[in-house]
Structures are given as C-alpha cells and as structure tokens.
Amino acid sequence: MSTAVSPPSSDDAHPLQRWFPQRWRDHELLDSGAGARLERFGDLVLIRPEPHAIWERGMDEAQWRRLSAAEFVPTGRAKGHWVPHQSVPDNWEIQYPLAKGNPLHFSLELTRFKHVGIFPEQAANWDWIAAKMGPGKRMLNLFAYTGGASLAGRAAGAEVTHVDAIKQVVTWTRINQDLSGLDGIRWCVEDALKFSEREVRRGNTYDLVVMDPPSWGLGPKGEKWKLEEQVLRLVSATAQLIAPGGSVIMNTYSGLSPSTLENLWRSVLPEAHIDSGELCLRSGTGQVLPTGSLLRLTRP
Ligand SMILES: C[S@@+](CC[C@H](N)C(=O)[O-])C[C@H]1O[C@@H](n2cnc3c(N)ncnc32)[C@H](O)[C@@H]1O
C-alpha cells in the first residue's frame, strides 16, 4: 500500500492577505518592539504598550524617549497611566483624507486605557467603505467606538446606524461628526447583539454591516459580551441583515484568527465571496505590525 503524501494543493499555499492604511498624513508608526509602539498622531508622538511587538526595536531607547511627548505605563491587565515627557494638550485634532470629498476629523485625548480615540489601522477599511457606500445605501456599524467607519459611510452619502454600549463614546463620535462637517448618523446606545437580533425580527436589512467586537464587553444594561461564547450568535443574526449584494467587514483584535472568521461566516453564508487576513501597520523602521484579523465578505 502506498504511503505517499499528496502534493500541496493551491489552497495549502494560500498567501496571507495584509491590509495597510494608505492615505494617512496625520498618523505614522515610527517604530515598534520590546512590547511597545512609537507612533505619531498629528504633532504628538506617543509610546504605548503593544503585546504583539515582541521583536527588537529599530531605534534605540534614547531616541524613543527624545521623540515622545508621553508614554502609557501599564500597572495591571487593563490599567495604567500616562507619563508626560513634554507638555500634552487635553485634546487635539487629526484628519484622515478619504480619496473623495472632505477629510474625516477626529478629536483625540489620552484615555485611561492606553487608547487615544482612534484605531489608525482601521483607515484601510474606511477607504473600502467610502468606495462601496453612496446615497440610498444603508450601513450598520456595531461596536462602533468613536466612529471612523460610521463617518466614512456617511461621508459617502449612506444612511448610517451607529451602535455602541457606552454613551460617552457615542458623544465623542458626535463631536467627530460635527468636526467632519457631517450630520444625520443614527445613534444607538445599545447592546450590539440585542440590537442585531431585534433588527432581524423587524425584517430590516443593510447594504453593509461593520463589526469590531472586543474579546469582552458590557452592554448598557450590563449585558455580558464574551467573544468566543457569543460570536456565532452575532454572526448568525447579522447574516440575516445583509441585503442581496451586501457586504460585511468584521475585525477582531484578539483571539480569532482569519481562518476562524472565515469558517464562522462560511457556516452561515456559504455562497458569499470572502477575503480574510490581517490588518497591519508598517513602521518607519520596516516592520509589519499585525493589529488584528480582518474579514471582508460580499454575498451574492
Ligand atoms: C475595539 S472597540 C471598536 C473600535 C472601532 N472599530 C474603531 O475603529 O474605532 C470596541 C467597542 O465595543 C463597545 N462595546 C463593548 N461591548 C459592547 C456591547 N455589548 N454592545 C455594544 N458595544 C459594545 C465598546 O464600548 C467599544 O467602543
């Protein structure tokens, strides 16, 4: 009996797709390594923890220290504080130029959880959204944070529904909407899963659903969100919300690989066209920093 192993099919050699934002002028990843990233937001250079960056830095520590205005020092799993190296404003503004129309504007600040109010790698999705959306299109943004995706959809003329559990985060997005010269986004302070399942019961559909579920979270009424336990329920509900020809963008920052995202969606929409891979930032010193898994899907 032959024990020969069959040669790899083209699927076995599937190349990893990587998406990078293309148009930033107000953001730059200068370097990464030793568990941190050095990046510029407008005129301000910050050092923040980055668990993926376990390699050597491209620049030395003295250069990081000299360039940076502040550093987030972690003191626990989800805790820490900012140490200023220079004077830092309470808030400041940056812009993202879409290929068409006015730039998107974001108000930034140093938050208690190392974030500043934007995930810059998401800009790769904003361009895709702006190209897909237009007047008469309907878009749903779940776990929407400060709304980069919502602004991109609205800037292209779509009717946008923005869902996040935290009222203050929605208020922050409204400021970004005003700064960007936009209006008309529909705001929902709601649990994303509950909202999606209710939309299914109402028979509503969307041309694009964007979702960026965290590994854990809380809805406004204390609804517990745990990614691994509830993601299939979320995917099953939102699959029913996609209009024929409509699309999905799903991101995860921790835990689920591109293949896991692909399997989840194939199990509920087997006929859809799916691309999956990593959303990344390229540093000035040449590294590719992976920032999470990304899936883009279009149904027939
Ligand atoms: C990782 S952030 C999303 C970042 C966003 N995609 C961006 O690029 O700006 C996750 C968001 O999910 C929200 N969230 C957490 N649990 C939620 C829940 N159960 N329902 C709705 N939103 C929730 C948080 O308030 C937070 O704004």
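The structure contained in this document is the topic of the report that follows. Computed from a prediction, not measured in an experiment: that's the story for all the values here.

## Side note on unusual backbone geometry
A positive phi angle is found at K114, which is not glycine, with a value near 70°. Tracing the backbone through its elements, the reader meets K114 in the loop between β8 (104-108) and α2 (123-132). The exposure class assigned to K114 is partly exposed, which follows from the 18 C-beta atoms found within 10 Å. Notably, F143 is not glycine yet its phi reads approximately 55°, a positive angle. Looking at where F143 falls in the secondary structure, it is placed in the loop between β9 (138-142) and α3 (148-155).

## Remarks on the sheet that holds strand β3 (residues 36-41)
An order of β2-β3-β4-β5-β6 is seen for the five strands of this open sheet, with the pairing classed as mixed. One side of each edge strand has no neighbouring strand; the edge strands of this open sheet are β2 (27-33) and β6 (79-84). Averaged over neighbouring strand pairs, the angle between their axes works out to 20° when direction is ignored.

## Some thoughts on the sheet that holds strand β12 (residues 206-211)
Taken in spatial order, the eight strands line up as β1-β16-β17-β15-β12-β9-β10-β11 in an open sheet, and their pairing is mixed. Each edge of the open sheet carries a strand with a single partner, namely β1 (17-19) and β11 (186-189). In this sheet, neighbouring strand axes are inclined to one another by 20° on average, regardless of whether the strands run parallel or antiparallel. Relative to strand β16 (residues 273-282), β1 runs parallel, the two being bridged by three bridges. Looking across to β16, one finds that W19 is bridged to L279. Of the strands in this sheet, β15 (242-252), β16 and β17 (288-298) are in contact with helix α7 (residues 258-268), which crosses β16 at around 155°.

## As for helix α4 (residues 167-179)
Taking 1.5 Å per residue as the helical rise, α4 with its 13 residues ought to reach 18 Å, and the 19 Å between its terminal C-alpha atoms agrees with that figure. For α4, the set of buried residues is V170, W172, T173, N176 and Q177. Looking straight down α4, one finds that the buried residues subtend no more than 155° of arc, so they occupy a single side. Pointing more than 90 degrees away from the buried face of α4 are the exposed residues K167, Q168, T171 and D178. Buried-residue contacts for α4 involve β8, α3, β10 (159-164) and β11. After α4 finishes, the residue G181 shows a positive phi value of roughly 70°.

Reading the values: the criteria
- Residues numbered from 1 in each chain as written.
- Predicted model: local features only at pLDDT ≥ 70, side-chain atom pairs only at ≥ 80, totals over all residues.
- Helix = DSSP H or I, 4+ residues; strand = E, 2+ residues; numbered from the N terminus.
- Buried ≥ 20, exposed ≤ 12 C-beta atoms within 10 Å, placed from the backbone.
- Pairing = 2+ DSSP bridges.
- Axes fitted to C-alpha atoms, helices over the stretch in contact; angles between N-to-C directions.
- Contact = placed C-beta atoms within 7 Å.
- Expected span 1.5 Å × (residues − 1).
- Arc of directions from axis to C-beta.

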